[in-house]
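# Examining the three-dimensional arrangement
The residues making up each chain are set out below.
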Amino acid sequence: MYGVNPEAGFFGVAPGTSMTTNYSAMQAISRDTIFTNVALTPDGDVWWEGMTNEKPEELIDWRGERWNPDSDTPAAHPNSRYTCPAQNCPIIDEAWEAPDGVPISGILFGGRRKTMIPLVQEARSWRQGVFMGSCCASERTAAAEGKVGELRIDPFAMIPFCGYNMADYFSHWLEMGDRMGPHAPKIFFVNWFRKGSKNEFLWPGFSENIRVLKWIMARTEEDVAVEDSPYGYLPNPADIDMDGLDLDQDTVDTLLSVDADGLEHDIQQFSAFFKRLGDRLPEALMEEMSLMKERLSNYTY
């Protein structure tokens, strides 16, 4: 499989983006960039929460009101954004506009889940990978309509963008796998947002995600082994580079675990969603659902 880049730029949520958390993004948005709903400094520059350690003494907030560090409201909207040309990125690959595309070794899906879903897992097959993609779900953020924190089922993160029946979309993915056969890329599912008992993020995220991508690349070459779980294949903890991170073993174990009880609850929600798609839902996905239920029933805690 080869892929081409159809986009000319990047966009992202501004709050939390800084020279510490995402150096390359900050370099990319230093010029030729559009910002929405951020705060303005007296000299006309932009600012948002998390951008600097110290808050500016005076700002115009995203609503056009005067703001200072004692204000009760955030200076930038929680969903304030930036968008910039991709060519601004200092580490962009030289083949990013290759007209013939580049070979794809792995495909990543993801969701924003504070519990249950591990940091990274690998699908057993292309078909199970499509099933994983069809079961994407995230707790709502300021970027999505609805109550913040509520679980939102969003297959392939495409609900806002898919212009035709989602069941047919699933079929399209399955048909691609049939055409590629043994040459199909591996499919992975990531979750950077697992939280601990004090509602703290367990994984540092941002640029540290490269550690997980390093493991994914090793898996595309079959260079490291995996452990089984009721859902997908999990990394051996020793195979993800944790050097320099302040993570104890309990945290690592939680990050790389599947919450089987929670997964059973998820199955009920996904089953209800699949039911809404009616007869057009591919039978292969229901078979994958049944296989996961079977693995859960035989899972030893």
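You'll find the structure just up there.
Calculation criteria
- Residues numbered from 1 in each chain as written.
- Predicted model: local features only at pLDDT ≥ 70, side-chain atom pairs only at ≥ 80, totals over all residues.
- Heavy atoms only, no water.
- Helix = DSSP H or I, 4+ residues; strand = E, 2+ residues; numbered from the N terminus.
- Salt bridge = Lys/Arg side-chain N within 4 Å of Asp/Glu carboxyl O.
- Buried < 20%, exposed > 50% of the residue type's maximum accessible area, 1.4 Å probe, protein only.
- Pairing = 2+ DSSP bridges.
- Axes fitted to C-alpha atoms, helices over the stretch in contact; angles between N-to-C directions.
- Phe/Tyr/Trp six-rings, centres within 6.5 Å; stacked < 30°, edge-to-face > 60°.
- Lys NZ or Arg CZ within 6 Å of the ring centre and 35° of its normal.

Before going further, it helps to examine unusual backbone geometry. Excluding glycine, residues mostly have negative phi values, and the peptide bonds linking residues are mostly trans. The phi dihedral of D32 falls on the positive side, at around 50°, and the residue is not glycine. As for its position among the elements, D32 is in the loop between α1 (23-28) and β3 (34-36). In the Ramachandran plot, E222 falls in the positive-phi region, its phi being about 60° despite a non-glycine side chain. Among the secondary structure elements, E222 is positioned in the loop between α4 (210-220) and β15 (226-227).

A full pass over the atoms with the stated rule returns 16 salt bridges. Between E122 and R219 there is a salt bridge; the shortest N-O distance is 2.6 Å. Of the two residues, E122 sits in strand β11 (residues 120-122) while R219 sits in helix α4, which places them 97 residues apart along the sequence. Summarising the burial analysis for this pair, E122 and R219 share the class buried. The partner of K186 in a salt bridge is E222, with the nearest N and O atoms 2.9 Å apart. Residue K186 is located in strand β14 (residues 186-190), and its partner E222 is located in the loop between α4 and β15; the two are separated by 36 residues in the primary sequence.

Ordered in space as β2-β8-β3, the three strands form an open sheet in which the pairing is antiparallel. Only two strands of the sheet have a single neighbouring strand rather than two, namely β2 (9-13) and β3. If you compare each strand with its neighbour and ignore which way they point, the axes differ by 15° on average. Pairing between β3 and strand β8 (residues 81-85): three bridges, direction antiparallel. Paired with F35 across the bridge in β8 is Y82.

We now examine the packing of aromatic side chains. Inspection of the entire model under this criterion finds 15 aromatic pairs. Ring geometry for F131 and Y231: centres 6.5 Å apart, planes at 75°, overall edge-to-face. Separated by 100 residues along the polypeptide, F131 in helix α2 (residues 126-134) and Y231 in the loop between β15 and β16 (234-235) bring together distant segments of the chain. You can call Y231 buried: its relative accessible area is 5%. Relative to F201, the ring of F193 has its centre 6.2 Å away and its plane inclined at 65°; by these criteria the two rings are edge-to-face. A relative accessible area of 42% places F201 in the partly exposed class. Of the aromatic side chains, those joined through ring pairs into one cluster are F109, W126, F131, F156, Y164, Y169, F170, W173, Y231, F273 and F274. Taking the ring centre of F193 as reference, the NZ or CZ of R112 above it sits at 4.1 Å.

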